[in-house]
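# Analysis of the macromolecular model
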Amino acid sequence: MKLGALLLLMMATFVQAQSDFTKVTKKPFGKMPDGTPVEIYTLKSGKIEARIMTYGGILQALQAPGRNGRDADIVLGFDSLDQYVKTENSAYFGAIIGRFANRIAHAKFTLDGKTYTLPVNDGPNSLHGGLKGFDKVVWKAKEIKDGVELTHVSKDGDQGYPGTLRVAVRYTLQGNELRIEYAAATDKDTVLNLTNHSYFNLAGQGTGTILPEELKINASYYTPTDATQIPTGEIAPVADTPFDFRKLTVIGARIGENNQQLHFARGYDDNWALDNQNGKLAEAAEVYDPATGRVLTVFTTESGIQFYTGNFLDGTLTGKGGHVYKKHYGLTLETQHYPDSPNHSNFPTTELKPGQRFHSITVLRFSTR
Ligand code: GLA
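How each quantity is defined
- Residues numbered from 1 in each chain as written.
- Predicted model: local features only at pLDDT ≥ 70, side-chain atom pairs only at ≥ 80, totals over all residues.
- Heavy atoms only, no water.
- Phe/Tyr/Trp six-rings, centres within 6.5 Å; stacked < 30°, edge-to-face > 60°.
- Helix = DSSP H or I, 4+ residues; strand = E, 2+ residues; numbered from the N terminus.
- Buried < 20%, exposed > 50% of the residue type's maximum accessible area, 1.4 Å probe, protein only.
- Pairing = 2+ DSSP bridges.
- Core = buried A, V, L, I, M, F, W, Y, C linked by side-chain atoms within 4.5 Å.
- Contact = heavy atoms within 4.5 Å.
- Near = heavy atom within 4 Å.
- Polar contact = N/O pair within 3.5 Å; in protein donor to acceptor, adjacent residues only side chain to side chain.
- Areas by Shrake-Rupley, 256 points an atom, 1.4 Å probe, with all protein chains shown as cover.

Now for the packing of aromatic side chains. Evaluated as defined, the whole model comprises 21 aromatic pairs. Taking the centre distance of 5.0 Å and the plane angle of 75° together, the rings of F93 and Y199 count as edge-to-face. Here F93 is found in the loop between helix 2 (81–86) and strand 6 (95–97), whereas its partner Y199 is found in the loop between strand 16 (195–197) and strand 17 (214–217), with 106 residues between them in sequence. The exposure class of F93 is buried, given its relative accessible area of 2%. Since its relative accessible area comes to 3%, Y199 is described here as buried.

All right, on to the sheet that holds strand 19 (residues 236–237) then. In space, the 5 strands of this open sheet follow the order 19-18-21-24-27, with antiparallel pairing throughout. In the strand order of this sheet, the two ends are held by strand 19 and strand 27 (332–336), each with one partner. When strand 21 (residues 269–273) meets strand 24 (residues 304–308), the two strands line up antiparallel, connected through 5 bridges. Its bridge partner lying in strand 24, W272 is registered against I305.

Ranked by internal contacts, the top residues of the largest apolar core, which has 59 residues, are Y171, L178, I217, W272, F307 and F366. Broken down by element, this core gets its largest block of residues, 5 residues, from strand 13 (residues 165–174). Once you skip the residues sitting within four places of it in the chain, W272 turns out to touch I217, A219, Y221, Y222, V238, F243, F245, S303, G304, I305 and F307. Among the nonpolar cores identified, the runner-up in size contains 24 residues, and Y55, Y84, L127 and Y329 belong to it.

Another point: the site of the ligand. Close contacts around the ligand come from 13 residues, with R103, H128, H197, D269 and E334 the closest. The separation between an oxygen atom of the ligand and a polar side-chain atom of E334 is 2.7 Å. Out of a free accessible area of 300 Å², the ligand has 96% covered by protein chains.

No statement about biological role is implied by the geometric values presented.
Okay, here's the thing in structure tokens:
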């Protein structure tokens, strides 16, 4: 190779490497009603940009290019902190959910022979950690390589849960992958189920329903629920049901079928028991938008994933850029342990004991095809 060509190649490699670097910046994002300041961190790598705020650890925006190179914000949410804080039932847009993602039946569980009572906030059940879960606290934050680390100390008895729980959530962006890493430790036996509750719409937030998008979930089983969306305890095969997403399938293709589970939830809102149960990071799901070519691939160490089609969105929430969020305008893929695990001894355990360290990883990869 001629020297000139070699130099050009070296320069091109350098420019490529530069654009793969993640730039992290921080800005104020308003104040809580009590004056506590909230910050928003922007993580930028190439054409992917993620914005994470300290309130609720919320992924507020995610810019990703489509196959034509055009960017869009592909997560639902609000433009201002005030809207997140003041909107009653803000649908948990983009938030970290804890101490316990999804439902606990009758807001009660028994651990070491003692019964704990939680706030009731979803029919007869406790949902997403109670009245003031991790989605509604201001996390401490510090910049780390490629991202931000959020930490929170939940006091013994917080929302009815035992033990002082120290939690850290790290969001990092490497190339086209947003990695969410959760760690926690307790000083008393407790239960724990952490997730992120982002609503995706790969065509762009607020542009329409997710029904034409295609989904694959690497799960042969799911956990059917009763009418209040509490798992019956059965781990049922997806084969020959509208819950079989083992091959990429249009989300809207079977959502209207006469199926009891789909009736209970007014769409999809169930936990799939992932085929990968060994705690190692593995592909769990993929969403593909044929219109824009965007692909979201989800990898997780978790054993379950809650796929929810935004069935409770009903046009009452106006989100970013004045977009009105109607039914099915977003989908969630909440990587987690199974709902109501403390009340089902056949489900993978959600118990955490002093001396143990909870650790889980979810990676969201954004690409096109
Ligand atoms: C989860 C639940 C849904 C709903 C949303 C939040 O996905 O499974 O039933 O509560 O959170 O609106």
